[in-house]
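# Geometric and topological summary
The lines below spell out each chain.
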Number of protein chains: 2
Amino acid sequence: MQLKLASSYGFCFGVKRAITLAESYTNSATMGPLIHNQDEITRLKTDYNIGLYSKLEDVKNDDTVIIRTHGIPKNDLKQLKQKDAKIINATCPFVTTPQQIVKKMSEKKYSLVIFGDESHPEVKAVKSYGDDVHVVLEPSQLEIANFKYDKIATVAQTTKKKEKYLEIVNFLILKYKEVRVFNTICDATFENQAAARELSKEVDVMIVIGGKDSSNTKQLHNICSENCTDSFLIENYKELQNSWFNNKKLCGITAGASTPDWIIQEIVNKIKKL
Amino acid sequence: MQLKLASSYGFCFGVKRAITLAESYTNSATMGPLIHNQDEITRLKTDYNIGLYSKLEDVKNDDTVIIRTHGIPKNDLKQLKQKDAKIINATCPFVTTPQQIVKKMSEKKYSLVIFGDESHPEVKAVKSYGDDVHVVLEPSQLEIANFKYDKIATVAQTTKKKEKYLEIVNFLILKYKEVRVFNTICDATFENQAAARELSKEVDVMIVIGGKDSSNTKQLHNICSENCTDSFLIENYKELQNSWFNNKKLCGITAGASTPDWIIQEIVNKIKKL
């Protein structure tokens, strides 16, 4: 089987930074999974004894707590500080930015619109910094929005698509006198997407590696499926199925922003042996 | 000839206000034509002795100067104030708003983009209130723009089309971290346009009344021409040609935002007699 890697894939700046930070705090624990990749979480536990708190109440005084790349809600951070825990903030700087924007714009009496998934930890954290905050995925959701203020500011979940963000922003511009648009979408995601799009056009089978609950990995899989019907999303080499590669010559590989290189390498090695 | 008027046409709020103001200052003079309609300027001269300055140097101490609906550049206003002239500000409040926005945003170190015609008096005045101001009609003009600051604020000439404004704003949002969008486009223009669009679909001939140098009248004419090939732009009843109405049954009428009712009435009367 011939293999080709996308020209851009895998870990983004924020994830690399979080893992480097975590590795330097042996015996610490993260507040929620550090990144959206179970195998990497397991490696950090095995190699560095980095644990995982499932709830705030588990944190004890003098614990070393690592805040995940997606950030945590404002009140959770406040409670951690009250516990006198040592806090290592591994929130991606590109996620800290919308948190600060939401805080500042709320202080200036803007109503806020977040383009993102209401249930995503990044969005929950960003939302927590505001006063009148509305989370939407579609412009139609704004038709029934009841804004507290007459000026609107907008931010986007870092992994969302720019085209849809523009749709949401345009709806607001036509309706409100001032719309303050902050482009908080991260280019790293889109570099991986553009590379996956190109590669999926030329291969017979496409393997997308990443967490099945990772928003950006799922988007990579969707993009690849548009061009290559045999596109498969897997988390590790154990999920590979021989039948996917029957009568195929060229296999493309890409990986989500939370996928470590060692997982990709294991998969590459296994496919080479097929 | 059967006649039908558009459901919305003619004078907007700002023009009505300016004429009412002017009529209350007999023997005054305006700095540039008060509105884009020569016949109305003539009427104000005949009935109220309201003159016209062609340049600032013509203004003498103790003169009463009326500032036109489009506003005047900041430095012109400063010079008028130095002359100790009595200043009557008939700038449309919807035009004063973008002037103030450009001033405030420049103070806050935003680079400014005005969507409008560089040569239009309204745009010249709005531009004069800023520091780093770029006037464009197309997104492509922004590709070579060299902004002084990293935050961008945008305003639009009040009579421009919203769709094109969104194109310009969207180009900026994808390229800059913050774009502060002020929707300064005036709905009055678009109410006239929507009504003209509807009416031009059902008539055999369409008469668009207004100044030939009036931006919003020209747009009305363009819109009508899309639906009714026999659409004619005239400034007064003398320009009507009998041949336009040969074999026609229904004539539609609309008028630009600077067209007074008495001019429309003269044209209606003449067409009725055809």
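Described in the following lines is the structure provided in the data block. Every chain begins its residue count from 1, and numbering advances along the sequence as written. Working convention: letters from A go to chains and numbers from 1 go to ligands, in the order in which they are written. For this predicted model, a pLDDT threshold of at least 70 governs which residues receive local features, and a threshold of 80 or more governs which side-chain atom pairs are given and counted, while totals over whole chains, interfaces and linings are taken from all residues. To obtain the side-chain values, all non-hydrogen atoms of the structure were used and water was disregarded.

Definition used for salt bridges: Asp or Glu carboxyl oxygen within 4 Å of a side-chain nitrogen of Lys or Arg. Under the counting rule described, the total for this entry stands at 32 salt bridges over all chains. Put simply, K4 of chain A and E202 of chain A hold a salt bridge, and the shortest N to O gap is 3.1 Å. With K4 of chain A in strand 1 (residues 2–5) and E202 of chain A in helix 7 (residues 187–202), the pair connects residues that are 198 residues apart, well separated along the chain. Each residue gets one of three labels from its accessible area relative to the maximum for its type: buried under 20%, exposed over 50%, partly exposed in between, using a 1.4 Å probe on protein chains only. With relative accessibility at 36%, the residue K4 of chain A sits in the partly exposed group. Among the salt bridges present, the one from D187 of chain B reaches K162 of chain B, with a minimum N-O distance of 3.0 Å. Pair noted here: D187 of chain B is in helix 7 (residues 187–202) and K162 of chain B is in helix 6 (residues 162–175), with a separation of 25 residues, a long-range link. Looking at K162 of chain B, the relative accessible area reads 19%, which means it is buried. By the criteria applied, helices consist of DSSP H or I runs no shorter than four residues and strands consist of E runs no shorter than two, each listed in order from the N terminus.

What follows deals with the interface of chain B and chain A. Contacts are residue-level and defined by heavy atoms, with any inter-residue pair within 4.5 Å sufficient. With 15 residues of chain B in contact, the opposing surface of chain A contributes 15 residues. Buried area between chain B and chain A, both sides added, is near 1,600 Å², and the carbon and sulfur share of it is 52%. Joining chain B to chain A, the criterion identifies two salt bridges. Two residues, R180 of chain A and E178 of chain B, come together in a salt bridge whose shortest N-O distance is 2.7 Å. Here's the idea: put two parts together, see how much 1.4 Å probe accessible area each one loses, and the total over both is what we call buried area.

What follows is about helix 4 (residues 93–107) of chain B. Residues and elements named next belong to chain B. An expected span of 1.5 Å times one less than the residue number is assigned to each helix. In this model helix 4 runs 21 Å from its N-terminal to its C-terminal C-alpha over 15 residues, within 8% of the 21 Å that 1.5 Å per residue would give. Where helix 4 is concerned, the buried positions are V95, P98, Q99, I101, V102, M105 and S106. Down the axis of helix 4, the sector holding all buried residues measures 160°, keeping them to one side. More than 90 degrees from the buried face of helix 4, the exposed residues found are Q100 and E107. Check the buried side of helix 4 and you find it contacts strand 6 (111–115), helix 5 (121–128), strand 7 (133–136), strand 8 (151–156) and strand 9 (178–182). Comment: arc refers to directions from the helix axis out to C-beta atoms.

All copies are superposed by least squares; the fitting set is the C-alpha atoms of residues with a pLDDT of at least 70 in both. Here chain B sits on chain A after a turn of 180° about the axis and a move of 0.1 Å along it, with an RMSD of 0.1 Å. When the rotation and shift are considered jointly, the pair of chain copies conforms to a two-fold rotation axis. Every residue of chain B has its C-alpha some distance from the rotation axis, and the shortest such distance is that of R180 of chain B, at 2.1 Å. When the interface residues of chain B are mapped onto chain A, 100% of them are again interface residues, pointing to one common binding face.

Turning to helix 2 (residues 38–48) of chain B, a few remarks are in order. All names here are of chain B. Those residues of helix 2 that sit buried are E40, I41, R43 and L44. One side of helix 2 holds all its buried residues, which, seen down the axis, span an arc of 160°. Across helix 2 from its buried face, at more than 90 degrees, point the exposed residues Q38 and T46. If you follow the buried residues of helix 2, they end up packed against helix 1 (13–23) and helix 9 (261–273). The opening residue of helix 2, the one whose side-chain oxygen lies 3.1 Å from the backbone nitrogen of D39, is N37. The first or second residue beyond helix 2 is N49, which carries a positive phi of 50°. Polar contacts, as counted here, are pairs of nitrogen or oxygen atoms within 3.5 Å of one another; within protein the pair requires one atom able to donate a hydrogen and one able to accept it, and residues that are adjacent in sequence qualify only if both atoms are side-chain atoms.

Glancing now at the layout of surface pockets. It is a probe the size of a water molecule, rolled over the atoms, that shows where empty space is left. Volume-wise, the largest pocket comes out at about 320 Å³. Along the wall of the largest pocket there are 17 residues; nearest its centre are F94, N183, T184 and I185 of chain A together with K177 of chain B. If you list the elements that add at least two residues to the lining of the largest pocket, you get helix 4 (93–107) and helix 7 of chain A together with helix 6 of chain B. Considering each element in turn, the lining of the largest pocket owes the most residues, four residues, to helix 4 of chain A. Residues are grouped as follows: nonpolar covers Ala, Val, Leu, Ile, Met, Phe, Trp, Tyr, Cys and Pro; charged covers Asp, Glu, Lys and Arg; every other residue, Gly included, is treated as polar. Here the lining of the largest pocket is built from residues that sort into nine nonpolar, three polar and five charged. Only protein atoms enter the 1 Å grid used here. Points where a 1.4 Å probe fits but cannot escape make up a cavity, open sets with protein on both sides within 12 Å along at least five of seven lines make up a pocket, and a residue lines them when an atom lies within 4 Å of a point. Grid points are joined across faces, edges and corners, and a volume is the space filled by probe spheres set on the points. If you add up the space inside the second largest pocket, you get close to 220 Å³. Among the elements that take part in the lining of the second largest pocket, helix 4 of chain B stands out by supplying three residues, more than any other.

All right, on to the packing of helix 6 (residues 162–175) of chain A against helix 6 of chain B then. Two elements in contact, helix 6 of chain A and helix 6 of chain B, have axes whose closest approach is 10 Å; the angle formed by their N-to-C orientations is 135°. By the angle between their axes, helix 6 of chain A is oblique relative to helix 6 of chain B. Considering only the axes of helix 6 of chain A and helix 6 of chain B, their crossing is right-handed. Residue-level inspection shows K162, L166, V169, N170, I173 and L174 of chain A of helix 6 of chain A in contact with helix 6 of chain B, the latter providing K162, L166, V169, N170, I173 and L174 of chain B. Residues belonging to the contact of helix 6 of chain A with helix 6 of chain B are distributed by class as follows: eight nonpolar, two polar and two charged. In this description, a line fitted to the C-alpha atoms serves as the axis of each element, helices being fitted only across the stretch in contact, and the angle between N-to-C directions of two axes falls anywhere from 0 to 180 degrees. Roughly parallel covers angles under 35 degrees, roughly antiparallel covers those over 145, roughly perpendicular covers 65 to 115, and oblique covers all other angles. The hand of a helix crossing depends on one turn: near helix anticlockwise from the far one by less than a right angle means left-handed, and clockwise means right-handed.

Residue placement: V169 of chain A occurs in helix 6. Considering only alpha carbons, one finds V169 of chain A and V181 of chain A, twelve residues apart in sequence, at a separation of 7.3 Å. Excluding its chain neighbours within four sequence positions, the residues that come into contact with V169 of chain A are T154 and V181 of chain A together with I173 of chain B.

Residues K104 and K108 of chain A together with K104 and K108 of chain B make up a contiguous surface patch of positive charge. According to the relative accessible area criterion, K104 of chain B is partly exposed, its value standing at 44%. The patches reported here contain residues having more than 30% relative accessible area and no salt bridge. Joining distances are 9 Å for like charges and 5 Å for nonpolar side chains (Val, Leu, Ile, Met, Phe, Trp, Tyr). Here the Shrake-Rupley method, with its probe set to 1.4 Å, supplies the accessible areas, and only the displayed protein chains count as covering residues. Here Asp and Glu are counted as negative and Lys and Arg as positive; His is not counted, and neither are the chain ends. Where a charge lies is defined by one atom per residue type: Lys uses NZ, Arg uses CZ, Asp uses CG and Glu uses CD.

Further remarks concern the sheet that holds strand 12 (residues 250–255) of chain B. To summarise the sheet geometry, strands pair through backbone hydrogen bonds and adopt either a parallel or an antiparallel arrangement. All names here are of chain B. When DSSP finds two or more bridges between two strands, those strands count as paired. Spatial strand order, 1-12-10-11: four strands in an open sheet with parallel pairing. The open sheet terminates on both sides in strands that have one partner only, identified here as strand 1 (2–5) and strand 11 (231–234). Direction aside, neighbouring strands of the sheet carry axes that sit 25° apart on average. Two strands pair when backbone bridges link them, and strand 10 (residues 205–209) and strand 12 are joined in this way by five bridges, in the parallel orientation. Residue pairing across strands places I207 opposite I253, the latter belonging to strand 12.

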